[in-house]
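Each chain, written out:
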Amino acid sequence: MVLLAAPSTSAVSDSSEGSHEPGTCSMYGICGHRKDGDVLNCATPEPSQPLSPSGQQKLQAVCPQLAKEIQIASIFLVGCPACNHNFKHFFCLLTCSPDQATFSNVTATQQASDTNATAVAEVDYYVTSAFGRAFFDSCKDVVYPVLNQKAMTYVGGGAKNYQEWFEFLGEVKDKREPPTGSPFQMNFPPEEAGVPEGLRLMNDSLPSCGDPALACSCGDCPAAPGCEPPPPPPPPAPGGCPALHTSSLSCTDISLLAVYAGLLALLPLFLRSTVSQLRYSRGEVDGYEWLHSAPSAALPELRGEGADALRRAASLPVRPPSWNKDRSRPALEHVEDVEEEFIEYSAAEQAMRRWLYQQGLLCARRPVLVLTLCLLCVGACALGMVRLRVMTDPQELWVGRGSQAAQEKADYEASFGPFYRITQLILTTTPKSDSSYITPSGLPSIVTDANLRLLFDMQDQIDGLTAVIEGPPVEVEDSSSGAENLEHNRRSFRSDGSASSAAGQLAAPSKQRTDHSQSHRGAASKQGGREGAEEAEVQLGDVCLKPMGDSCATQSVLQYWKMSRDVYDKGEPPLYAHLTPDFCFSHWSTQCRAAFGAPIDPHLVLGGFPTDSSQFRNYTADATAFVVTFPLDSHPDKREAALAWEFAFVELASTRLTSMAAAANLTLSFSTERSVEDELQRESTADISTVLLSYLAMLLYIAVALGTFPRRPTWQECLVHSRAGLGLGGVLVVAASVAGALGLCGWLGMKATLIIMEVIPFLVLAVGVDNMFILAHALADSPEPRAPLPHRVGLALAAVGPSITLAASCEVVAFAMGAMTSMPALRNFSVCAAVAVALDYVLQVTAFTALLALDTYRVESGRYDCLPWRRSTQQPLYGSEYDEELLPAGEEVEGGEEVVALGPGFAMRRGSDERVGVWRALRWYMSEVHAPLLLRPLSKAVVLAVFVGMFLLSCALVPRLERGLDQSVALPRDSYLQPYYHDVMSSLRVGPPAMLVVRGLNLSEAAPDVEEVCSVAGCRQDSLLNQVSQASRAPWSSWLATPAASWLDDFLTWVSPEIPQCCRQFANGTRCPPPDQPPCSLDPLACQQECAACFTGEDLPGGHPSLEQFQARLPWFLASKPSQACAKGGAGAYSDAIQMDSADPGGVAGLRLGLVNASAFRTNYVVLSKQSDFIDAMQAMRDLASRLGDQLGLDVYSYSIFHIFFEQYLTIVGEALVLLGSAAVAVFLICLAATGSPWAASMILLVLGMLLVDLLGAMYLWGIQLNAVSLVNLVMGLGIGVEFCAHIIHAFMEEEGSPDARAAAALGDVGAAVLSGITLTKFVGVSVLAFAHTRIFEVYYFRMYMALVVLGAAHGLILLPVLLSSFGPDAFDHWQLRKQRRGTSEGRGQPRLEELVDQAARSPRGAPGQQQGGLQAPPQQQQLGDGWAIGQQQGIAGQGASSGAVELES
């Protein structure tokens, strides 16, 4: 703080010895000097003397004896004319009033050291409280823009009222260490204490800061007329619902509870309806009727439509419904009329089944060819991976090039250069630390002599640290050479001369960053830029930021002693006065400036003290942390050197410095610019073993679950029936899908992210394994186990392929919708996921189908798994080679089974099955336990109540879901950054810097830009800086802690004639520095004679410079270093606040055109401790910039170093709604096209919507924040949710009968595949992730994947069947094909199926009762092609000769 020397002419005699009459001075003249050279006033009362003309002229120049002191104060107060006037007037009254003796009284005297004369030692001044309040009120809100602090901090010691201010101004310097201030004690007794006899109170009128003649800006005088008062703090948010007087539940919660209660009230009606439906179903038919007979009279009517009508009506034959109490009974043995059931699929599905059947035939007949072609295609796609570039820059990952934050960052760095690199360490106390003070937090204070000396020791270690740059020689420029390098350093430095101590408050960028630099190791000496050296050695001095000379701009409490142990011990020459910490914490802007010339605010170098002023005592007693920040040069030429030094610093801090701190019972945390990238790179490899173990566990489960074994197998049978090789092949298909998708993305020029590598394999495995189980078990449950393998494979693929295609199509389109998002990482993930799922589908119906055929051939040939060249000594499965003549369908096969010729999409063989395995157990559970229990009326009611309750609860929790990505989650658990971020949040007491950038500031007199921006006297009350100051007084809404530092305000003050020691010029017109800077400090007399103020009052008629004066003096201002004589210099403080251009004559971009192309006005956010704080602060700052631009017609934007990382959270809710909503609509349309049922598509959409909302609710309950990583998982959840639902609903629509029977049949057919292929497989794999070393795997993969698997299975296997059984869509149309047997049982001479088709085609419309064979080719012929006809002919042949009498009944 600035300590003003008291008026050197103040003296008055004791009241008992001198007169206190008007016209008398209590002290007059100078009697001598103190030992330190300060003058002393004579303690001799004298009558006041008239002034000579020269004396009057000097008095008009503001009391020449006080010129130095008052001009120093004017530096801080000149921006507010009323305050500046009152300050001068006050001291002039004390010193020069002709009635001085009437209100002052000398109470003690001293002897002058040089003259031995009696001089004043102590004096009392009696001033009215009204005068004191008016004086204080006119100055209390004045802001010193350079440091964004109240001027009262410097001219009043932070006084809170006029009495404290008077006491600060009057304290004798002998009471201070070092001794600075008044040469004698001045007391200001309060008015309430009374006035001695003969004296009266001094009183005089003072203009207020809102006086029109001396009006101050709203920023310096918020109470001035026309200035809006700051809004009051908002009342605390009411808890609960005020309307209903609840304390915890909000109005929304209560509304949802009311809705839930209403729905529960309807449950009895639902239960009654369900029971009635069940009774009706049981009363109509005992069990489930398999066959329906139509009246014979209807047959001629159907035949009357001819073959074309039959072709339109027919479809694939289906098996009888599977859910019946008598499921094992043989199907219609020894009956004359044999009926087959057909389903009328849509035309699209008929075409799909035809293609799938042909595809299955091809894959089974030519498996090696198919696998070879697939391998070649995947290899060609995968070659694109060589062109694939991994995105590591978090700005590139989460912010699109066209985003507002990216544009603002690019504009800022183009105008002012990039921010410097930050290395920071925080030293904090522990309960065992030794200190004289205990802080309000309960920890000891850190400001002790021992801790300061420890910090000096640590600094010595850091200063001596060297690092080696390996590789080509790097020229490290000498820190003191090169004006260009110096200018870059200045422009990289913050306006207050301090580095961003809030760097640690930045949220760790999302985990997709990787280390793109090499580790730089080694320790040696400084290399000094040697030519041709193989190794370059660097120290801190080579890479640190040096904005104002040769000294590093290190922010440390040690800067108060110039980073020197000798200065700390002995004081600084020439006075060698010992500077105590308490003194420097109060005088950091004057006597305790840093070695590099800038002031260091204690808020930047101390931490842990209370932010509540009522609890704060002082820094010495309340600070618990030292915060040391090393700003490093961010120039590209020094990047490698900086990276090397940072690496060496991490090694030093993690070993030696940490041990030193522990020995002193302190804790040390630290961070460098490269730390996050290094730790994320380590994190990306830390859990490789865990992820591999997860995939291995899933592979083992797949191998076990795919196989079925005899009930008492021998070891040979176990080896034969094991399907580990098939499981491995399926996993390789998934890997090929991922590799091919990444390669295709590479060919398309896209960039990959680590999230693609981590999530897409899991996603494709979830989809692929499900399809693997469905395909494998569809083939195993073939209705014709003795048919040729290609035929069975074709039938299996045609049966289950449509639902697989439906699910894959929905997933591909849902992921493709992600291409609409603005976040590059999410967009690229969505596109790559869509390509991967599509490629996986193609490989499933080609490569995996071929593998399945080969493995089935191996099993049925009795060959060992994984050792197919070895054959079991037992008989093959059917006692013959597979390609031998088939037994006729309908005859007995082993086990006495009768097979149905063809079944529905998910056909199952009838009869007993002696094989066992995971699949058989799960299917038994789904058919015999799960479905019967679930479809009971009471169970349905409970399920609906539970799931509706979950949904409504999640609706209440979703608004509470937080946005962001916590740093502690994004980093490894054992990272050294974990304690650092903890200390940042708990100890730092300053927020991140925030910039308001004005582009194209017009300096000409005709333009209003200057008045619309500045905040000193003469500027608009609603100017940009005044509104920022206004906003800073409402931090609860603006999130701003301080007014904005303004180069424009300081420049206007710097050129003001009120402080003539700042802007000075020699007689030849060149710049003259302040008197305390060289060359004037070396020859004060010469500068005093030759230097003059740049302007007089007449030169600035409007109070502001003209355009020509701006162009001439602005470069001088930017080159002027601040000092005690003139603290307004712009060098260092504003070097990075104005866009510079060496091509411009003035060095300022646009200045020759009358513009300043870009100006940055810096303020600070309040301390931001949570992710939501950063998001809300960014939004508030953007709103402020937008409002200022609109109101003032200026081009304004806001910028802060964390904006680029947090912009995604401003739009992530909208992004999620658009992305998930568009994907859901796409899924609905695809399901509608595939099923032809709007109701079925709507039910899928309903279940998916409930699944996503419940997943969001689970995220809140499990502490998972909404960010890009979780949004990717939500998109994946939508895709996997389709897998849970599509197969079930497609199977439901294929079934016939009552809704309960259809739902149970669907569960029995595909529920086991879904449960095994998705739920249990993923449950096994996800469970392993619980043991991950990194929290991001635990939180965003284990927790969220587990929630997805559990909720997905619950919605797909519990809720969806209940909804289908109660409100499900109608089934596909079913038709009955009746064949009448005639002829011999040998089946010889039976007409071929083609002949029957031909007869039907040629047959005229028959008369009633005509028994001709008018048969449309069964839909298999239409859908599966000729291959089906051959197989079906063989099946019909075994049923005996027939004359072809066939009827179709509906």
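Just so we're clear, the structure is a prediction, and the values are computed from it rather than from any experiment.

Draft legend 1. A look at the overall build of the protein chain. The secondary structure content of the protein chain amounts to 47 helices and 31 strands. Per-residue burial over the protein chain gives 59% buried out of 1450 residues. For the protein chain, the proportion of contacts with a sequence separation of at least 24, taken over those separated by at least 6, is 79%.

Draft legend 2. Seen up close, the state of the cysteines. Going through the model one piece at a time under the given rule, you end up with 10 disulfides. Disulfide partner of Cys 83: Cys 139, at an S-S distance of 1.9 Å. Taking the sign of the S-S torsion, about 110° here, the bridge from Cys 83 to Cys 139 comes out right-handed. Of the two residues, Cys 83 sits in helix H3 (residues 81-96) while Cys 139 sits in helix H4 (residues 129-139), which places them 56 residues apart along the sequence.

Draft legend 3. Representation of the side chain of His 930 within the structure. Within the element layout of this structure, His 930 appears in helix H29 (residues 918-934). Overall, His 930 belongs to the buried group, its relative accessible area being 12%. With residues near it in sequence (within four places) discarded, His 930 still touches Tyr 925, Leu 1307, Leu 1357 and Ile 1358.

Draft legend 4. Geometry of the packing of aromatic side chains. Applying the stated criterion across every chain, the model contains 46 aromatic pairs. Between Phe 90 and Phe 166, the aromatic rings sit 5.2 Å apart at their centres with planes inclined by 5°, giving stacked as the arrangement. With Phe 90 in helix H3 and Phe 166 in helix H6 (residues 162-170), this residue pair connects regions lying 76 residues apart in the sequence. Per residue, the accessibility class of Phe 90 equals that of Phe 166, and both read buried. Seen from their ring centres, Phe 90 and Phe 188 are 6.1 Å apart, and the 35° between their planes marks the pair as tilted. Remark: Phe 188 occurs in the loop between strand S9 (185-187) and helix H7 (251-284) and Phe 90 occurs in helix H3; sequence separation between them is 98 residues. Exposure class is identical for Phe 90 and Phe 188. Each is buried. By the ring-pair criterion, three or more aromatic residues cluster together here, those being Phe 87, Phe 90, Phe 91, Tyr 125, Phe 131, Phe 135, Phe 136, Tyr 162, Trp 165, Phe 166 and Phe 188.

Draft legend 5. Geometry of the environment of Ala 414. Considering the arrangement of structural elements, one finds Ala 414 in helix H13 (residues 404-416). Using a relative accessible area of 60% as the deciding quantity, one classes Ala 414 as exposed.

Draft legend 6. Quick look at a nonpolar patch on the surface. Side chains of Val 259, Leu 263, Leu 266 and Leu 269 sit close together on the surface and give an oily, nonpolar patch of about 360 Å² of accessible area. Given a relative accessible area of 42%, Val 259 falls into the partly exposed group.

Draft legend 7. Geometry of the nonpolar core. By size, the foremost hydrophobic cluster in this structure holds 230 residues, and its most contacted members are Leu 1024, Trp 1047 and Leu 1114. Every residue in contact with Leu 1024, bar those within four places of it in the chain, is listed here: Leu 996, Val 998, Glu 1012, Val 1013, Leu 1188, Leu 1192, Leu 1194 and Val 1196. Listed in part, the 78 residues of the second largest apolar core include Tyr 568, Leu 579, Leu 604 and Tyr 619.

Draft legend 8. Region of interest: the pairing of strand S17 (residues 625-632). When you tally the buried positions in S17, you get eight out of eight residues, the bulk of the element. Of the two faces of S17, the one carrying Ala 625, Val 627, Thr 629 and Pro 631 and the one carrying Phe 626, Val 628, Phe 630 and Leu 632 are both buried. Pairing of strand S13 (residues 421-429) with S17, which is carried by eight bridges, proceeds in the antiparallel orientation. Residue Leu 425 lies in a different strand from S17, and its bridge partner there is Val 628. Bridge count between strand S16 (residues 606-607) and S17: two bridges; the pairing is antiparallel.

Conventions used here
- Residues numbered from 1 in each chain as written.
- Predicted model: local features only at pLDDT ≥ 70, side-chain atom pairs only at ≥ 80, totals over all residues.
- Heavy atoms only, no water.
- Helix = DSSP H or I, 4+ residues; strand = E, 2+ residues; numbered from the N terminus.
- Buried < 20%, exposed > 50% of the residue type's maximum accessible area, 1.4 Å probe, protein only.
- Contact = heavy atoms within 4.5 Å.
- Disulfide = S-S within 2.5 Å.
- Phe/Tyr/Trp six-rings, centres within 6.5 Å; stacked < 30°, edge-to-face > 60°.
- Patch = residues over 30% accessible without salt bridge, like charges linked within 9 Å, V, L, I, M, F, W, Y side chains within 5 Å.
- Areas by Shrake-Rupley, 256 points an atom, 1.4 Å probe, with all protein chains shown as cover.
- Salt bridge = Lys/Arg side-chain N within 4 Å of Asp/Glu carboxyl O.
- Core = buried A, V, L, I, M, F, W, Y, C linked by side-chain atoms within 4.5 Å.
- Pairing = 2+ DSSP bridges.

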